[in-house]
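Next come the chains, spelled out residue by residue.
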Amino acid sequence: MTTRTPQVQSAEGKLLVLFQGLGAVATTVIAGVELWRRGRGVPVGSLAELAELRIGKRSEGAFRPVRELVPLAAAQDIVFAAWDIIGDNARVAAEKARVLSPEDMAVVGDFLEGIVPMAGVHDPE
């Protein structure tokens, strides 16, 4: 019996994160990633960036970050899009939801303005 070692290809190209709705949650995630990319935030909640995996036996106490062991998309390769029945761009949506501090909005507001949702499908009745 032969043992096969799975081969995982390197992540290449862009990783699209597509949101259903461009409201408080989506704009907070988008702003958080952009703040992190600009060196102004920490990727809180990111298993890929903050977690470690044990390597070898427990007694060895050897750990390595997940991002070093799994070929994942780089932060600069993440792109965002959304669809929503409301046409506000991500900056306007974040302002209406009041989810970002004025300081954070000053840093990423220009980036958020460029994210305009695709039209959502809904029953107007």
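Residues numbered from 1 in each chain as written. Predicted model: local features only at pLDDT ≥ 70, side-chain atom pairs only at ≥ 80, totals over all residues. Heavy atoms only, no water.

**Looking at the nonpolar core**
Reasoning step 1: Judged by nonpolar contacts, the single largest core of 18 residues is most densely connected at Leu22, Ile30, Phe80, Leu100, Val108 and Leu112.
Reasoning step 2: Listing elements by their share of this core, those giving two or more residues are helix H1 (24–37), strand S4 (78–84), helix H4 (90–97) and helix H5 (102–113).
Reasoning step 3: Among the elements that take part in this core, H1 stands out by supplying 5 residues, more than any other.
Reasoning step 4: Those residues in contact with Leu112, other than ones at most four positions away along the chain, are Ile30, Ala31, Asn89, Ala90, Arg91, Ala94, Leu100 and Met105. (Core = buried A, V, L, I, M, F, W, Y, C linked by side-chain atoms within 4.5 Å. Buried < 20%, exposed > 50% of the residue type's maximum accessible area, 1.4 Å probe, protein only. Helix = DSSP H or I, 4+ residues; strand = E, 2+ residues; numbered from the N terminus. Contact = heavy atoms within 4.5 Å.)

**Looking at the packing of H1 against H5**
Reasoning step 1: Where H1 contacts H5, the two axes come as close as 10 Å, and the packing angle between them is 105°. Comparing the axis directions of H1 and H5 gives the class roughly perpendicular. For the pair H1 and H5, the contacting residues are Ile30, Ala31, Glu34, Leu35 and Arg37 in the first and Asp104, Val107, Val108, Phe111 and Leu112 in the second.
Reasoning step 2: When the residues that make up the contact of H1 with H5 are grouped by side-chain class, the tally is 7 nonpolar, no polar and 3 charged. (Axes fitted to C-alpha atoms, helices over the stretch in contact; angles between N-to-C directions. Parallel < 35°, antiparallel > 145°, perpendicular 65-115°, else oblique. Nonpolar A, V, L, I, M, F, W, Y, C, P; charged D, E, K, R; others polar.)

Remember that the coordinates give geometry; whether it matters functionally is a separate question.
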